[in-house]
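Residues per chain, in single letters:
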Amino acid sequence: MSATLPAAAKTATGTGAADTRRRVLAAPGVYVRMPARPMTGTQVAGTQMGAARLAKLAGALVEQTDAVTFSLAAASAYLFSLAQLSVPSLRFEDLPSLPLSAAARVAQTDCDAFLGQFTLFQAQAETWVTPRRGAEVPSLFSQLATPVAVLADVARLVGDALAGATAHSGGRVSCTYSLKACQRAARHQVDRVSALLGAAGQQGQLLTDGAAALLASLRGGALAPLLAGSGEDVQAMAQALDHAQACVAAEGARILAGRGQARLTAGVVGLTLCWNSLGWSMVPGGVLRAGEGTADVSGLQGQLGRLEALIELKGNRHRQEQSAALVLAGMRAQLQGVAPMVQAVQEELAALAWLLGNLPAEVSSVLAEVSAEDLAVERAEWKRIMADTAFGDGLTMHLWPSPTRLSAPSLVAVAGDDVFCVASSGRLYQHAGGDAAWADMGESALSCVSDGYDVAAIDGAPVASVPLGMAPAGRQVKLYDRFTRAWRVISTFPASCIALGGGDLYAVSQAAGDSVGEGRVHRYSGRGRGWAALPELPGPDIAAQLAVAGGVVFALANNSQALYRFNAARQCWVRVGRLTCLSIRGNGGKLGIVDVENRAFVYDPVAGGAPRQLGVGVGAIAQLSNGDQFSIASPAPGALWYTDTSAKPAWRTYLASDAAAVFASDADVVHYRDGQGRLHRVTPDGDTVALPPLPEV
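Residues numbered from 1 in each chain as written. Predicted model: local features only at pLDDT ≥ 70, side-chain atom pairs only at ≥ 80, totals over all residues. Heavy atoms only, no water.

A. Structural context of the overall build of the protein. Across its full length, the protein carries twelve helices and 31 strands. The buried share of the protein, taken over its 697 residues, is 54%. In the form shown here, the protein has an accessible surface area of approximately 27800 Å², with 52% of it arising from carbon and sulfur atoms. (Helix = DSSP H or I, 4+ residues; strand = E, 2+ residues; numbered from the N terminus. Buried < 20%, exposed > 50% of the residue type's maximum accessible area, 1.4 Å probe, protein only. Areas by Shrake-Rupley, 256 points an atom, 1.4 Å probe, with all protein chains shown as cover.)

See the structure below:
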């Protein structure tokens, strides 16, 4: 190979060094290493070094396609998160009775200009994921599967050429065997990758320039001294962001490590900070699924909550300068990541184009040098390696709404013998009793819940998907009639989360400009589309999660992560203990809690008192009505445990490994989802029974 080989491709082909694994950018400044490829059969057999050239080239192409696909997915998720970012209006005001000072007016003018410029940048970032209306050119995100398709075509083309060479050779491979057809086809594949590279370069340059202009405005004018004046707080914000991005790398490594294997090949791709109406929230950019792996968004909530806990700088709303500095510092940190993310995509695409461009010459050279016997071995190796092509034909990626629009979705609900499941694509499936397969309900949803009789869901689907495209974003609450088997929409507002219990249905409204306040908890009246708004949470704050236990609705606050219960008699929210929580689960008369230190608790709202601690190192739980719990070790996927609370102290029993999420019905029927996306039912004696795989799994 020539000395002009791009750096990424040099690493892809390997140099015989101790560690030749590729590094791929998962988040700004955070890399994940691709898994080391096993030695090829040709190398193990000890054949000629020249006879291993095609096997090495095949491995390089597969590995580079992996790198391109993951890099494009990570960049798309990152830019999507920026496009979803909702920034509060910043006001620099003196005392109400006094006129605005000259310094405050300058700061206000510069800040308004920055936010206006950022809004234009967001529109440009959104075109990376979704093309502008009427645009004929597809978005870069929609072409995520193109590198995989190119590799599949290349595998077939070279395989045909090798088969033809073998058929026409005798003893020694003929150097004059024509590869013109292969060369023409390979040139077409190079053109496909080059077109994608050109689009990434053009779009990336616009985004890089836009981000650079925004960053420049933060270094001058009245905004620079504003940031400098809150240096310690800003530095702490940056460190928390760095730590959060490093946590994402673990998910990225799991995606790449699971390539081509029947194990977990899904996770969060990309992460950024998003500002909701009252504070910061972590935003997962997207969910990547490949082969038999599938993502369970609910299983990721604990991790996201833990990352939210790292961002402790909520800002003092009475100190306007500090609050504004933290907002601008968070935005600056995200904008600084734009250039490296889009540049990484271009570099990976350029390396793939280089490998494809040199492919015909490499094949011709091998055919001219190796014997017919060695060619047969090479052909077998090429076929074997290409069978393990990247993410395969089943590559999909779904960009779900940010947690400011959809918080703590529940993807499994059980009513009697019926199990309802939301797939990673948003498709809603039902499994009844002993059925041999899941039934497609012909509906999509973002979350579903049940109290054993009623079934409710949040209507909608991922914002964008490959290969499904765009989806309408309704997000209204809908109710399922199990007798007529029909859904009906029962809310006029979009909801971010819902909860059912004891016949009561609650939802958090996300309607902008809601007359009773965006982010308020609402209770369904039971008729038509009538809802009653409950008082706002103290702080003020908004509910990120809801649960019902003992006839009481509980809310987990987004910013403080404090737990509140609603006092219907006094019409107010009352804090439960002093815990800061990751998740809550209600069932019957008991509430299960996981705090930010991964400790599990159970709380009895009737008896009151302090929550009882049941375990440590817990990532997720399912609460039973008698107080017992099923828990998953942190980080998920991990071991599944059963906790018997009747024992003193509580007794834990190991049930299964590789559990990603666990769910319990009102009748204490427990299901868990493994790392491959398969659902299992836990029997009363502790055995597990696998349900049929979802059609998407």
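B. Summary view of the pattern of salt bridges. Per the counting criterion, the structure on display carries eight salt bridges. Residue R427 is joined to D440 by a salt bridge in which the shortest nitrogen-to-oxygen separation is 3.1 Å. Here R427, found in strand β8 (residues 427-432), pairs with D440, found in strand β9 (residues 439-450); they are 13 residues apart in sequence, far enough to count as distant. When its relative accessible area of 31% is taken as the criterion, R427 is described as partly exposed. (Salt bridge = Lys/Arg side-chain N within 4 Å of Asp/Glu carboxyl O.)

C. Fine view of the sheet that holds strand β6 (residues 412-415). Pairing in this open sheet of ten strands is antiparallel, and the strands run β6-β7-β8-β9-β10-β13-β14-β15-β16-β17 from one edge to the other. Strands at the two margins of the open sheet, each flanked by one partner only, are β6 and β17 (531-533). Sheet twist, expressed as the mean angle between neighbouring strand axes with direction ignored, is 50°. Where strand β16 (residues 521-524) lies against β17, three bridges are found, and the strand directions are antiparallel. From the neighbouring strand, H522 faces β17, where its bridge partner is A533. (Pairing = 2+ DSSP bridges. Axes fitted to C-alpha atoms, helices over the stretch in contact; angles between N-to-C directions.)

D. Molecular detail of the pairing of strand β26 (residues 629-633). Across the five residues that make up β26, a large majority, four, are buried. Examined bridge by bridge, strand β25 (residues 618-623) and β26 share five bridges and lie antiparallel to one another. Each bridged residue has a counterpart across the sheet, and for V618 the counterpart in β26 is A633. Between the antiparallel neighbours β25 and β26 lie five residues, among them G627 with a positive phi of about 105°.

E. Region of interest: the packing of helix α3 (residues 53-84) against helix α11 (residues 338-369). Running from amino to carboxyl end, α3 crosses α11 at an angle of 160°, the nearest separation of the two axes being 9 Å. If you check the angle between α3 and α11, you find them roughly antiparallel. Where α3 crosses over α11, the two elements pack in a sense that is left-handed. A class-by-class count of the residues in the contact of α3 with α11 yields 25 nonpolar, four polar and four charged. (Parallel < 35°, antiparallel > 145°, perpendicular 65-115°, else oblique. Left-handed = near helix turned anticlockwise from the far one by under 90°. Nonpolar A, V, L, I, M, F, W, Y, C, P; charged D, E, K, R; others polar.)

F. A look at the environment of A532. Structurally, A532 is set in strand β17. A sequence separation of ten residues divides A532 from H522, and the C-alpha atoms of the two residues are 5.4 Å apart. Apart from the residues within four sequence positions on either side, A532 is in contact with V521, H522 and R523. (Contact = heavy atoms within 4.5 Å.)

G. A look at the side chain of S76. Note on placement: S76 falls in helix α3. Residue classification places S76 among the buried residues on the basis of a relative accessible area of 0%. Those residues in contact with S76 that lie beyond four places of it in its chain are W128, V129 and F141.

H. Summary view of the packing of aromatic side chains. Counting across every chain of the model gives nine aromatic pairs. Ring geometry for F420 and Y480: centres 5.6 Å apart, planes at 70°, overall edge-to-face. Taken together, the residues F420 in strand β7 (residues 418-422) and Y480 in strand β13 (residues 476-481) connect sequence positions 60 residues apart. Looking at Y480, the relative accessible area reads 7%, which means it is buried. (Phe/Tyr/Trp six-rings, centres within 6.5 Å; stacked < 30°, edge-to-face > 60°.)

I. View of the layout of surface pockets. Of the volumes computed, that of the largest pocket is approximately 750 Å³. S410, V449, R585, G586 and A664 are, among the 44 residues lining the largest pocket, the residues nearest its centre. For the lining of the largest pocket, the secondary structure elements donating two or more residues are β6, β9, β14 (486-501), β18 (543-549), β21 (572-587), β25 and β28 (651-664). Each residue belonging to the lining of the largest pocket can be placed in one class, and the counts come to 25 nonpolar, 16 polar and three charged. (1 Å grid on protein atoms, 1.4 Å probe; cavity = no way out; pocket = protein on both sides within 12 Å on 5 of 7 lines; lining within 4 Å. Points joined across faces, edges and corners; volume = space filled by probe spheres on them.)

J. Layout of the nonpolar core. Among the nonpolar cores identified, the biggest contains 82 residues, and L61, F114, F121, W128 and W382 are the most heavily contacted of them. The leading source of residues in this core is α3, at 17 residues. When near neighbours in sequence (up to four residues on either side) are disregarded, F114 contacts L214, S217, L218, L223, L328, M331 and L335. Among the nonpolar cores identified, the runner-up in size contains 31 residues, and L428, A445, A495 and L505 belong to it. (Core = buried A, V, L, I, M, F, W, Y, C linked by side-chain atoms within 4.5 Å.)

K. Fine view of the packing of helix α4 (residues 102-129) against helix α6 (residues 180-218). The geometry of α4 relative to α6 is characterised by a closest axis approach of 10 Å and an angle of 165° between their N-to-C directions. Here α6 runs roughly antiparallel to α4, going by the angle between their axes. In this structure, the crossing between α4 and α6 has a hand that is left-handed. Note on element contacts: α6 touches α4 through A200, Q203, G204, L206, L207, G210, A211, A213, L214, S217 and L218, opposite F114, Q117, F118, F121, Q124, A125, T127 and W128.

L. Examining unusual backbone geometry more closely. Residue P649 is bonded to the preceding K648 through a cis peptide linkage, with omega at 0°. The backbone of R485 shows a phi angle near 55°, a positive value even though the residue is not glycine. Within the element layout of this structure, R485 appears in the loop between β13 and β14. Owing to a relative accessible area of 68%, R485 belongs among the exposed residues under this scheme. One non-glycine residue with positive phi stands out, namely D658, at about 60°. Inspection of the secondary structure puts D658 in strand β28. Under the relative-accessibility criterion, D658 is labelled partly exposed at 26%.

M. Highlighting the pairing of β21. With five bridges joining them, strand β20 (residues 562-567) and β21 adopt antiparallel strand pairing. Residue Y564 lies in a different strand from β21, and its bridge partner there is R575. Note: β21 against strand β22 (residues 590-595), six bridges, orientation antiparallel. What sits directly across from R585, in β22, is G592.

N. Structural context of the sheet that holds β21. Read from one edge of the open sheet, seven strands run β18-β19-β20-β21-β22-β23-β24, paired in antiparallel fashion. The open sheet is flanked by β18 and β24 (612-615), the only strands paired with a single partner. The mean inter-strand angle of the sheet, taken between neighbouring strand axes irrespective of direction, is 45°.

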